[in-house]
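In case you want the letters, here they are:
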Amino acid sequence: GAKIVADFSISVNNGEVVGLVGDNGAGKSTVMRMTALVEAADSGHISINGIKAEENIKEFRSKIGYIPQSNALIDEMTALDNMKLFSLLKKDETAEKISELTKAFDMEEFLHKKVKHLSGGMVRRVNIAVGLINNPSMIVADEPFAGLDKTQREKVINYLKELSRNGVGQLISSHYVENLKSWSKSIIAL
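Structural notes, computed from the coordinates. (Residues numbered from 1 in each chain as written. Predicted model: local features only at pLDDT ≥ 70, side-chain atom pairs only at ≥ 80, totals over all residues. Heavy atoms only, no water.)

## Topic: the layout of surface pockets
At step 1: Approximately 370 Å³ is the volume found for the second largest pocket.
At step 2: Every residue lining the second largest pocket is counted, 15 residues in all, and those nearest its centre are Arg-61, Ile-64, Tyr-66, Phe-86 and Asn-134.
At step 3: Of all elements in the fold, only strand E4 (64–67) and helix H5 (120–132) reach the threshold of two or more residues within the lining of the second largest pocket. (1 Å grid on protein atoms, 1.4 Å probe; cavity = no way out; pocket = protein on both sides within 12 Å on 5 of 7 lines; lining within 4 Å. Points joined across faces, edges and corners; volume = space filled by probe spheres on them. Helix = DSSP H or I, 4+ residues; strand = E, 2+ residues; numbered from the N terminus.)

Below, the structure is given as structure tokens:
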């Protein structure tokens, strides 16, 4: 088959935000899935702190907050129950983290509604919250701003900026370089 992504190298340091921009079909999602250890690369390797990730997949997966482009939620469950389901934290820590994310992304009004009854922007925010629930040390976010209005986008960016200040590395893809320009330390075009 054709090579989707060839000769591609990227490094993300602690607290660094790297933006990945490119047209549809450029390979952004493939790079994101490989980086999040969801899809295996045919060649090359991913290492975290100098350790080969593919040899320690289980350990590293729990450290990576992956926000896929598509909805990873369970439609029949409420927003709250989805966050609980994806949490690997202890019960009290989970409750604390859910409360923090709910406030940060303005989700109070639909927390107890089933995902299938939520608007696109609401689903997006829950999807992002699920990716951040386990206090990841690295975030891989594929088009996290799609479907968000300006206010919601700013809230998500502010939260991600705060994580960056706390040393969380981030690889974020977006169609719109504007979403990344103001706060991403480097932008790579695919």
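Continuing now.
## Re helix H6 (residues 150–165)
At step 1: For H6, spanning 16 residues, the distance from its first C-alpha to its last is 22 Å, which sits close to the expected 22 Å at 1.5 Å a residue.
At step 2: Turning to H6, its buried residues number three or more, namely Gln-152, Val-156, Ile-157, Tyr-159, Leu-160, Leu-163 and Ser-164. The arc that holds the buried residues of H6, viewed along the axis, is 160 degrees, so those residues lie on one side. For H6, the exposed residues lying more than 90 degrees away from the buried face are Lys-150 and Arg-165.
At step 3: For H6, the N-terminal cap is Asp-149; the gap from its side-chain oxygen to the backbone nitrogen of Thr-151 is 3.1 Å.
At step 4: One or two positions beyond H6, positive phi appears at Gly-167, with a value near 90 degrees. (Expected span 1.5 Å × (residues − 1). Buried < 20%, exposed > 50% of the residue type's maximum accessible area, 1.4 Å probe, protein only. Arc of directions from axis to C-beta. Polar contact = N/O pair within 3.5 Å; in protein donor to acceptor, adjacent residues only side chain to side chain.)

## A few points about the side chain of Ser-87
At step 1: Mapped onto the secondary structure, Ser-87 falls in the loop between helix H3 (79–86) and helix H4 (91–104).
At step 2: Given a relative accessible area of 12%, Ser-87 falls into the buried group.
At step 3: At a separation of 3.1 Å, a polar atom in the side chain of Ser-87 contacts the main-chain amide nitrogen of Leu-89.
At step 4: In contact with Ser-87, other than residues within four places in its own chain, are Thr-94, Ile-133 and Asn-134. (Contact = heavy atoms within 4.5 Å.)

## Thoughts on the sheet that holds strand E1 (residues 17–21)
Within a sheet, each strand pairs with its neighbour through backbone hydrogen bonds, oriented either parallel or antiparallel.
At step 1: With respect to topology, five strands assemble into an open sheet ordered E4-E5-E6-E1-E7, the strand pairing being parallel. Unpaired on one side and paired on the other, E4 and strand E7 (186–189) mark the two borders of the sheet. Taken pair by pair, the neighbouring strands of this sheet meet at an average axis angle of 15 degrees, ignoring direction.
At step 2: The pairing of E1 with E7 spans four bridges and is parallel. Across the sheet, residue Val-18 finds its bridge partner in E7, namely Ser-186.
At step 3: Against the sheet, H5 contacts E4 and strand E5 (138–142), and its axis sits at roughly 165 degrees relative to E4. (Pairing = 2+ DSSP bridges. Axes fitted to C-alpha atoms, helices over the stretch in contact; angles between N-to-C directions.)

## Details of the pattern of salt bridges
Pairing between side chains of opposite charge can happen when the charged atoms of each approach one another.
At step 1: Summed over all chains, the structure comprises eight salt bridges.
At step 2: The salt bridge partner of Glu-100 is Lys-97, with a shortest N-O separation of 3.3 Å. Separated by three residues within a single helix, Glu-100 and Lys-97 lie in helix H4, roughly one turn from each other.
At step 3: Look at Glu-100 and you get partly exposed, because its relative accessible area is 38%. (Salt bridge = Lys/Arg side-chain N within 4 Å of Asp/Glu carboxyl O.)

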